[in-house]
Amino acid sequence: MNQTFPLLDKTVLVPRGEGQAKSFSQLVERYGGIPIEIPLIAFRPIEKSQPLHDAMMALDTYDWIIFTSNVTVETFFSFFKKKEAGQSFPRIAVIGKKTAEVLEAMGFSPEFVPSAYVAETFVEEISPLLDRGARVLLPKGNLAREYIARSLTERGAQVDEVVIYETYLPDESRDMLARMLADQQLDILTFTSPSTVDHLMTVVKEYGLDKQLGNCLIGCIGPITEKKLHDYGLTVHASPKEYTVKEMINSMIAYIETEE
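Conventions adopted
- Residues numbered from 1 in each chain as written.
- Predicted model: local features only at pLDDT ≥ 70, side-chain atom pairs only at ≥ 80, totals over all residues.
- Heavy atoms only, no water.
- Axes fitted to C-alpha atoms, helices over the stretch in contact; angles between N-to-C directions.
- Helix = DSSP H or I, 4+ residues; strand = E, 2+ residues; numbered from the N terminus.
- Parallel < 35°, antiparallel > 145°, perpendicular 65-115°, else oblique.
- Left-handed = near helix turned anticlockwise from the far one by under 90°.
- Contact = heavy atoms within 4.5 Å.
- Buried < 20%, exposed > 50% of the residue type's maximum accessible area, 1.4 Å probe, protein only.
- Pairing = 2+ DSSP bridges.
- Right-handed = clockwise from strand over helix to strand, strands pointing away.
- Core = buried A, V, L, I, M, F, W, Y, C linked by side-chain atoms within 4.5 Å.
- Polar contact = N/O pair within 3.5 Å; in protein donor to acceptor, adjacent residues only side chain to side chain.

Caption draft 1: Structural detail: the packing of helix α1 (residues 22–30) against helix α12 (residues 245–259). Interhelical geometry of α1 versus α12 gives an angle of 25 degrees and a closest axis separation of 10 Å. Regarding the angle of α1 to α12, the classification is roughly parallel. Note on packing geometry: the crossing formed by α1 with α12 is right-handed. Contact with α1, carried on its side by F24, L27 and V28, involves V245, K246, M248 and I249 of α12 and no other residues of that element.

Structure follows, in structure tokens:
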């Protein structure tokens, strides 16, 4: 067993795009692995809609704004014009360390970050901070879960959901992924969201690559992503309690070392 390089010569799917993949890939390389960057998910801002315009103009009427990912932060602030929205900004809640870091880089600080980076924990922990009738703005992607909005509404908040970006699988990723799976060139598959699972499985079904998946180790972040993998009948070898890429890699290493 190689203590220093537990991922030595293992190819690891990094399902993120340029700009997001660097730190992930560096972590894989640190342990001797070979990162294979194939974005399983990409994002593009929507055309500015009337609901989005209205929310921006009325930003000072909201008590809270919730950012559930760094993509949401980056996309929101690509639309945000301070002179349009006035000087007042709602209190900010975020899910995740990375989301908080990106927000702070924009010059804003979150007032609330949950102890665990999942929607269920977020709702339980922020609810005591919301007055009944509190107005909440929730920017989101087109495939985002409705759990937060529904749960906070049930607790008496007034939640406005506004779609600000859409999620898709890049064509170049589809071709590269099909080729590498067919040639059995991927040892470890990692997933960071349910959408990354759906997009990979779309390619697997389209090209008839189910058998090839049986030769791969699978790691993921978060219980919703893990459930999605199980729904497809896949075995999950690494799913850490802390929902970060670093802990997912550590969890995968621990699994590999127990099998050696």
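Caption draft 2: Structural context of the pairing of strand β1 (residues 11–14). Residues of β1 alternate between two faces, with T11 and L13 on one and V12 and V14 on the opposite face, all of them buried. For β1 and strand β2 (residues 34–37), the ladder comprises four bridges, and the chain directions are parallel. When the bridges of β2 are listed, T11 appears paired with I34. For the crossover that starts at β1, traverses α1 and ends in the parallel β2, the hand is right-handed.

Caption draft 3: Focus on the nonpolar core. If you look at the biggest cluster of nonpolar residues, it comprises 25 residues, and the most contacted ones within it are L177, L186, L189, F191, L200, L213 and L229. Looking at this core, the elements with two or more residues in it are α8 (171–182), β8 (188–191), α9 (194–207) and β9 (217–220). With five residues, α9 is the largest single contributor of residues to this core. For L200, the residues in contact, after removing those within four places along its chain, are L13, L40, L177, L189, F191 and L213. In terms of nonpolar packing, the next biggest core, distinct from the first, is built from 23 residues, A55, F77, L103 and F108 among them.

Caption draft 4: Just the environment of E125, in detail. Among the secondary structure elements, E125 is positioned in helix α6 (residues 119–126). Considering only alpha carbons, one finds E125 and S115, ten residues apart in sequence, at a separation of 8.2 Å. A distance of 2.5 Å separates the side chain of E125 from the side chain of S115, its partner in a polar contact.

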